[in-house]
Amino acid sequence: MKILVIGSGGREHAICWKLKQSKLVDTIYCAPGNAGIEQVAECIPIIPGSSEYIQRLIYFVKNNKIDLTVVGSESPLADGIVDYFQEADLKIFGPSKDAAILEASKVFAKRFMSRNSIPTAKFQVFKDAQGAVEYVRNTHMPVVIKADGLAAGKGVIICSCVEEAVAAINKIMVEHSFGEAGAQIIIEECLIGEEVSVLAFTDGERAVQMVSAQDHKRVFDHDIGPNTGGMGAYAPYPRWTPQLYDLIQKDILEPTLRGLQEEGRKYIGVMYLGLMLTPGGIKVLEYNIRFGDPECQVILPLLDTDLVDIMLACIEHRLHEITIKWKQASSLCVVMTSDGYPASYKKNLQITGLDEAESIKSVIIFHAGTDMKDGQIVTSGGRVINVVACGEDLLKAKNLAYKAVNLIHFEDAHVRKDIGDRAIRNSED
Ligand code: AMP
Ligand code: GLY
């Protein structure tokens, strides 16, 4: 088979790496890819942003007789890439535009959860700043304020006092910092608990959960500083139990699929649940309609089943026919970023030590913002390199990952030093 992966981050590198192991795959293409993906796939310079983007991908897929396309990130899915491909009779792994709205509109997702009795934080929706300000002046703090639309993980602001809440409302609705994404906002109760990412494969009727994972969203150690796309992750969550699996199936995944079906929204692909384990039970913080980044980088190295088999079973509505197996091990990912991320940062900095790091057994390097310039690998984004290690437990995985991180250098590289620490402490209790 020939497969096209769409995207250019660490998640897409991990997807290409896993697909490469499939007995069904001959050639992998990636559009546009990065300097690391180039080592496992043929990179195609079709860059997102233009109005012809999806049409150019379709043209490439037809011309090159690609058998399957896999979409990494949310934007093309929210733009309806799956519908366009299906109209052109091309095989693609991902949800339709009508289903992708679960991530593309947080207001839609909250109302969908309400009408399907899916547990989530209590919320109110506002279309004007004045009404929102009046509401926060008369409500208990803290609150969480969210822009409705896609904002690359930056549209959620946790406010501990009225002044912060008013500033957040102004930022989103008066200064329009997130553009159209902030035309509506959600103000919701702030939940306290452990956050876990649970991803599932789905064929629209059934959902099979992957190993659980935990992201580290804040830029600095001990969860300080602004939210980022993710500074590191590990899998599985150490306090995972079969009871939690069953509860998530019954209370969240099954009613979600039922609700989508009833509304005629076709969902094939990966369903990502951002969950908060609160003293009052499990609550859904958000849906994502694709693999998480960096969760994907820790989940796929633990997958023992052929990923193409799983994807085809989803597309052909026969997920029940396959058994998905996981390694009994732990994995941990440290994201190396450019100083300044998630705000502004330098680019084109030379990266050294990648080969030495990857020569450590059980270490895998997934590239994110990297490029090849004059035969050298250089930085081209905020999140630059994902260093992943597998081990028989989380502590071993962590030690290996940081050993590899210490071998990789670029100017002012930043890493969190505490990825997995809380989980390791908790599992020692
Ligand atoms: P979201 O994009 O909705 O998942 O929000 C991004 C991050 O904000 C989440 O991963 C949480 O860390 C935090 N968050 C979102 N909603 C809440 C909430 N209701 N209570 C506490 N934290 C939240
Ligand atoms: N790691 C969170 C996300 O992919 O949205």
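Below: a short report on this structure. (Residues numbered from 1 in each chain as written. Chains lettered and ligands numbered in written order. Predicted model: local features only at pLDDT ≥ 70, side-chain atom pairs only at ≥ 80, totals over all residues. Heavy atoms only, no water.)

The next subject is the overall build of the protein chain. Check the secondary structure of the protein chain and you find 14 helices and 23 strands. Its C-alpha atoms give the protein chain a radius of gyration of 21 Å, near enough to 22 Å, the size a compact globule of 429 residues would have. Buried residues in the protein chain amount to 57% of all 429 residues. For the protein chain, the share of sequence-separated contacts (at least 6 apart) that also reach a separation of at least 24 residues comes to 68%. Between the mean site of the 45 positive side-chain charges and the mean site of the 56 negative ones, the protein chain shows a separation of 1 Å. (Helix = DSSP H or I, 4+ residues; strand = E, 2+ residues; numbered from the N terminus. Rg over C-alpha atoms; globule rule 2.2 N^0.38 Å. Buried < 20%, exposed > 50% of the residue type's maximum accessible area, 1.4 Å probe, protein only. Contact = heavy atoms within 4.5 Å. Lys, Arg positive; Asp, Glu negative; His and termini not counted. Charge placed at Lys NZ, Arg CZ, Asp CG, Glu CD.)

Another point: unusual backbone geometry. That bond from Ala235 to Pro236 is cis: its omega, -10 degrees, falls within 30 degrees of zero. When you line up the elements, Pro236 lands in the loop between β15 (232–235) and α9 (242–262). Between Asp293 and Pro294 the backbone carries a cis peptide bond, its omega angle lying at 25 degrees. Counting through the fold element by element, Pro294 comes out in the loop between β17 (281–288) and α10 (295–299). Residue Asp89 is not a glycine yet carries a positive backbone phi of 65 degrees. With respect to the element layout, Asp89 can be found in the loop between α4 (81–87) and β5 (92–93).

As a structural note, the neighbourhood of ligand 2 is formed by Asp215, Gly229, Tyr272, Asn288, Arg290, Gly292, Asp293, Pro294 and Glu295. A distance of 2.8 Å separates an oxygen atom of ligand 2 from a polar side-chain atom of Arg290. At 2.7 Å from a nitrogen atom of ligand 2 is found a side-chain nitrogen or oxygen belonging to Glu295. Protein chains bury 88% of the 200 Å² of accessible surface belonging to ligand 2 in isolation. In terms of residue class, the shell around ligand 2 is made up of two nonpolar, three polar and four charged. (Near = heavy atom within 4 Å. Polar contact = N/O pair within 3.5 Å; in protein donor to acceptor, adjacent residues only side chain to side chain. Areas by Shrake-Rupley, 256 points an atom, 1.4 Å probe, with all protein chains shown as cover. Nonpolar A, V, L, I, M, F, W, Y, C, P; charged D, E, K, R; others polar.)

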